[in-house]
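Next come the chains, spelled out residue by residue.
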Amino acid sequence: MFQNKREIIPGMLTLSNLTCGYLSIVYASRDEFVIAGFLILASAFFDLIDGLVARLLKAASNFGVQLDSLADIIGFGAPTAFLIYKFKLEEMGTWGLVISVLFIVAGALRLARFNTEVSSDLKKHDFKGIPIPVAALIITLLILAQLESDLIPWGWKWFYPLVTVVVSAGMVSSLKFASFPKPSTIFFRKNPVAALMIVATPFAIWFYGVTGLFITFIFGILYNLVQGYVSFLKIKK
């Protein structure tokens, strides 16, 4: 288990990720989709800071990497699959169930591939495929935005199954997805578009709520994928 006391704090944060995921399933089963969605956002928060805390405390370890991946299945995979199923896919019957299962299966494969490819120094650079927290946030924020502002016409029954399939495919694909960079003046100078989106996000949330967060998040993902493709072309040349 934990090799030293410094690993306990990031470990507890990782377990908080898992706990929020389980509670999300409980609330989604009661059709309380807003609470369930925000619990997945809470999972994302704990998933973000556990690694930061581990690095600050110099407590990063292979045990922590494995625990983080296991927690991500319960923090993001299972609750997101269940949330989208209860919210929109259940009405499709067997096909809706199959599509929701596809998400959690793709997430498990994505995490297994990451665990086998992670470097021995525990440093994360570019990811292969969309990380499961990002995939979960795409679907969760979409649902919350829909509940908040009717973002998508409710009659588009094909839309949510399509998004779930595309996001699932993205997790097991070979798309280059850059890890979250450390904020610095050098980063902001080299990536003015990314800096602008970071600055714009609080304003988008202030004026448009979860819908604004969803839109800026999608733009951020698209920008990340474009940057990854451009970098790939440069390396290829």
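Up top is the structure these notes are about.
Residues numbered from 1 in each chain as written. Predicted model: local features only at pLDDT ≥ 70, side-chain atom pairs only at ≥ 80, totals over all residues. Heavy atoms only, no water.

Next up on the list: helix α4 (residues 94–117). Residues spaced three or four apart along an α-helix point in a common direction, a consequence of the helix completing one turn every 3.6 residues. Between its first and last C-alpha atoms α4 spans 35 Å; for 24 residues at 1.5 Å apiece the expected length is 34 Å, and the two agree. Within α4, the full set of buried residues consists of G96, I99, S100, F103, A106, G107, R110, L111, R113 and F114. (Helix = DSSP H or I, 4+ residues; strand = E, 2+ residues; numbered from the N terminus. Expected span 1.5 Å × (residues − 1). Buried < 20%, exposed > 50% of the residue type's maximum accessible area, 1.4 Å probe, protein only.)

Turning to the side chain of S168, a few remarks are in order. For S168, the position within the fold is in helix α6 (residues 159–172). Since its relative accessible area comes to 1%, S168 is described here as buried. When near neighbours in sequence (up to four residues on either side) are disregarded, S168 contacts L102, F103 and A106. (Contact = heavy atoms within 4.5 Å.)

Given a rise of 1.5 Å per residue, 24 residues ought to cover 34 Å, and the 35 Å separating the end C-alpha atoms of helix α2 (residues 33–56) matches this to within 8%. A positive backbone phi angle near 55° is found at K58, which sits one or two residues after α2.

Mapping S43 onto the fold places it in helix α2. Among the polar contacts listed, one links the side chain of S43 to the backbone oxygen of G75, at a separation of 3.5 Å. Those residues within four positions of S43 in sequence are excluded, and the remaining contacts are N17, C20, G21, G75 and F76. (Polar contact = N/O pair within 3.5 Å; in protein donor to acceptor, adjacent residues only side chain to side chain.)

Looking now at unusual backbone geometry. Positive phi, normally seen in glycine, also occurs at D31, with a value near 65°. Turning to its location among the elements, D31 is positioned in the loop between α1 (8–29) and α2. Look at D31 and you get partly exposed, because its relative accessible area is 45%. Of note, the phi angle at D150 is positive, near 50°, even though the residue is not glycine. Here D150 lies in the loop between α5 (132–149) and α6.

Right, let's get into the packing of aromatic side chains. Under the counting rule described, the total for this entry stands at 8 aromatic pairs. Plain terms: the ring middles of F87 and W154 are 5.9 Å apart, the flat faces sit at 55° to each other, and that makes the pair tilted. Of this pair, F87 sits in helix α3 (residues 62–89) while W154 sits in the loop between α5 and α6, placing them 67 residues apart in sequence. For F87, a relative accessible area of 10% gives the class buried. A relative accessible area of 39% places W154 in the partly exposed class. (Phe/Tyr/Trp six-rings, centres within 6.5 Å; stacked < 30°, edge-to-face > 60°.)

As a further point, take the environment of V167. Summarising the element assignment, V167 is placed in helix α6. Exposure remark for V167: the relative accessible area of 6% places this residue in the buried category. As for V167 and G129, which are separated by 38 residues in sequence, their C-alpha atoms are 9.9 Å apart. What V167 contacts, discounting residues up to four positions off in sequence, is F103, A135 and I138.

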